[in-house]
Amino acid sequence: MSTFPYFPHTEEDVRRMLEKVGVGDLTSLYGDVPAEFLRTQPYDLPSAKSEEEVLSIFEDLGKKNVPLKVFVGQGSYDHYTPSVIPYLTQRSEFLTAYTPYQAEISQGTLRYIFEYQSMICSLTGMDVSNASMYDGPTAAAEAMMMGLACTRKKTRVLLSRTLLPHVTAVVENYARFHGVAIGYVECEDGVSSIQSMKDELAVGDVAAVILPSVNRFGIIEDLEGFADAIHEAKALAVQYCDPSALAVLRSPAEWGMDVAVGDGQPLGIPLSWGGPYVGFMACRKDYVRKLPGRIVGQTTDKEGRRCFVLTLQAREQHIRREKATSNICSNESLMALWVTIYLSVMGPEGMRKVNTLSYGGAHCLKDKLLCTGLFEEAFPGKPFLKEFTLLSKVPSETLQKALLEGGFFAALPLGIKVGDKEMVSFTVTERRTGEEIDSLVEVIKNVKP
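Residues numbered from 1 in each chain as written. Predicted model: local features only at pLDDT ≥ 70, side-chain atom pairs only at ≥ 80, totals over all residues. Heavy atoms only, no water.

### Some points on the overall build of the protein
In step 1: Looking only at helices and strands, one finds twelve helices and 17 strands in the protein.
In step 2: Its C-alpha atoms give the protein principal-axis dimensions of roughly 75 × 55 × 55 Å.
In step 3: Each of the 449 residues in the protein was classed as buried or not, and the buried ones make up 47%.
In step 4: Summed over all atoms, the accessible surface of the protein reaches about 23,500 Å², with 54% contributed by carbon and sulfur. (Helix = DSSP H or I, 4+ residues; strand = E, 2+ residues; numbered from the N terminus. Buried < 20%, exposed > 50% of the residue type's maximum accessible area, 1.4 Å probe, protein only. Areas by Shrake-Rupley, 256 points an atom, 1.4 Å probe, with all protein chains shown as cover.)

This is the structure we're talking about:
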């Protein structure tokens, strides 16, 4: 028997496997690896510990994380997570589920994927959704590649300067290694300039244009006429969205968009220091064959009962894998389940309430910050929902230091200066209370300019 009873292979098993592949021992398996890359010293590992000791170590590590009251967004938002979600998603049949290739034993997984797709389509107004993507920025990059695939020989994609910076950075990175030329729709008074976009479209060779719904400054963009101009240039119109905000804002379909992408994190997924998140991607039915990932469809079995199957899938491991458009991991399905439960629990009324509370809190905080005399309007009169940008008369480093000491994560610098003032961003979700808003303002009032 093996020295370690919880290892599945006995010494005899290992001997027979090595004999089968024609090597004498386990070390020989690494014979092709240069010696300088092989570790010859013993690992610096602690001695074996009991379960209680291991738990204690991790509890001590966890105490090093200082919990802050989050007043920052920029694509990741501290929304409420109903307790039923982690309870259900940690059930073993969901937590350990693999890609549902065999419909006859995967009806539960296939159904929640179908429901997820249906809900994303309801939010975006699109005809079809995949399930799902790694995160929002990579979903935007996939939309860029989809635009190129749909328009064949075109090689340029336009990005709005008002997109979230990390979304732009990921798309640019994908473009660099796929030979895609990136152009930009310039920012005018805090929003995408339609004239700048038309000038770029006139240059020609544009496959897609990616525009935000709510932009990096928190402003709700008015995209009237953008899609028409894009379609006249035979390009795809793509909108990057906050799906939570879509519960109360005009949908991508209503703006005339062809593709909607974004990050599902605002739909109840905790911030979790950056992940795991889940990207969503939906499109008009005209482009369904170019949609990466997989799509679950509804049908009936031979007895006429409702059931679900993988209708389309573009996995790299299938037949004609050289034509695959994306690699979608199974664990993203788990996060899609998280989003599905959230939307089911909240419902349309709950989603509206989330946005109403966030809106009220954000506008209240903005007014109180302006009253301190330490800030000025960055974009007067521009509509916003839960996130806004102000010009700070105090250096952002000074602001953040005081706020961190007061237990707040707020006043995120955007790296943009107007004269001697710096743009900083604030966000208020339904989780932030009036008392927390007042406490934050009191901390700022005591900051010396």
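Additional details are given in the paragraphs that follow.
### Side note on the sheet that holds strand β9 (residues 259-263)
In step 1: Taken in spatial order, the seven strands make up an open sheet running β2-β10-β9-β8-β7-β3-β4, and their pairing is mixed. One side of each edge strand has no neighbouring strand; the edge strands of this open sheet are β2 (128-129) and β4 (181-185).
In step 2: For strand β8 (residues 236-241) and β9, the ladder comprises four bridges, and the chain directions are parallel. Counterpart to C241 in the pairing with β9 is G262. (Pairing = 2+ DSSP bridges.)

### Description of the side chain of E422
In step 1: For E422, the position within the fold is in strand β17 (residues 421-427).
In step 2: Ignoring any residue separated from it by four or fewer positions in sequence, one finds E422 in contact with L390, L391, S392, P395, S396, P413, I416 and K417. (Contact = heavy atoms within 4.5 Å.)

### What about the packing of aromatic side chains?
In step 1: In this structure the tally under the stated criterion is seven aromatic pairs.
In step 2: Seen in terms of ring centroids, F217 and F379 are 4.8 Å apart; in terms of plane orientation they differ by 50°. Their pairing is tilted. Remark: F379 occurs in the loop between β13 (375-377) and β14 (387-392) and F217 occurs in the loop between β7 (206-212) and α9 (226-232); sequence separation between them is 162 residues. In this pair, the class of F217 matches that of F379, namely buried.
In step 3: Measuring from ring centre to ring centre gives 5.9 Å for F375 and F426, while their planes differ by 80°; the resulting arrangement is edge-to-face. Of the two residues, F375 sits in strand β13 while F426 sits in strand β17, which places them 51 residues apart along the sequence.
In step 4: On the basis of relative accessibility, which here comes to 4%, the residue F375 falls in the buried class. (Phe/Tyr/Trp six-rings, centres within 6.5 Å; stacked < 30°, edge-to-face > 60°.)

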